[in-house]
Amino acid sequence: MRIAVMLSGRGTNLQALIESVHGFDAEIVAVASDHEDAPGLRHARTANILTRSFELDQFERRAARDNAIADWLDENEVELVVLAGYMALLDDSFIARFRDRILNVHPSLLPAFPGTRAVEQAVAYGVKVFGVTVHLVDEGIDSGPILLQRSVELPGYSDPTEVHQILQAIEHELLPEGVRLMVRGAVGRDPANPQRLIIEP
Ligand code: GAR
């Protein structure tokens, strides 16, 4: 399967995918960013993966930018889009073009703490159990059907940076696991409740 990764930041999740999925279960054929200086693009270049950045100020509106990204992904025959720390909202038309083929990793146990600064929100709320969610992307903010979740009890932690570090180690396992399930065609929807995903053995 031909995969694209979209990122905005450091790209540690991209690196985890390069190490555990790329060339084994699937090919990462393209990496897109909304920032040309996103450090994560370097991981892609080191692995000889095509990269391109789509800065918002090069376009009239976000919809036009997202359309250009979708065109580029189509040109590269991408079948699955993985958001690995992509911090911009995606236009509805982009989501429609890749319906049920966009996976996202989020550093909270959704539906708790969607959006940006999820770990900071969770720490400020005083939760004792943190976690990571891998889910399909729909038009809402981190509201799409959940594929995988893993929790971790951290009752004594009050530093978001420390919590995020622990969660990232979980992300680096859970996101590749989610990608492998999608590649295998093992993900379906519960006919009785389409918000609920079913994993076939
Ligand atoms: C990850 O922790 C990911 O869960 C988060 O951004 C980080 C990117 O790290 N994404 C979101 O918060 C999306 N709402 P990385 O650049 O090192 O992979």
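Going by the structure above, here's the rest.
Heads up: these notes are all about the structure in this document. Starting afresh in each chain, residues are numbered from 1 along the sequence in its written order. Only residues with pLDDT of at least 70 are given local features in this predicted model, and only at 80 or more are side-chain atom pairs given and counted; all residues enter the totals for whole chains, interfaces and linings. As a convention, hydrogens and water are excluded, and side-chain values are obtained from all of the structure's heavy atoms.

## Notes on the side chain of H135
Stage number 1. Numbered from the N terminus, helices here are DSSP runs of H or I no shorter than four residues, and strands are runs of E no shorter than two. Looking at the element boundaries, H135 is found in strand 6 (residues 129–136).
Stage number 2. Judged by its relative accessible area of 1%, H135 is buried.
Stage number 3. Every residue pair with non-hydrogen atoms within 4.5 Å of one another is taken to be in contact. Ignoring any residue separated from it by four or fewer positions in sequence, one finds H135 in contact with I102, L103, N104, L110, D142, S143, G144, P145, I146 and L147. Whether a residue is buried, partly exposed or exposed follows from its accessible area with a 1.4 Å probe, protein chains only, as a fraction of its type maximum: under 20%, in between, or over 50%, in that order.

## Re the pattern of salt bridges
Stage number 1. What counts as a salt bridge is simple: a side-chain nitrogen of Lys or Arg found within 4 Å of a carboxyl oxygen of Asp or Glu. Under the definition given, this model contains 11 salt bridges.
Stage number 2. The closest approach of N and O atoms between R180 and D25, which form a salt bridge, is 3.5 Å. In this pair, R180 is assigned in helix 6 (residues 160–183) and D25 in the loop between helix 1 (12–20) and strand 2 (27–33), connecting sequence segments 155 residues apart.
Stage number 3. With a relative accessible area of 34%, D25 lands in the partly exposed category.
Stage number 4. Between E120 and R117 there is a salt bridge; the shortest N-O distance is 3.8 Å.
Stage number 5. We classify E120 as partly exposed; its relative accessible area is 31%.
Stage number 6. Bridged by salt links that share partners, the residues R62, R65 and D66 form one connected network.

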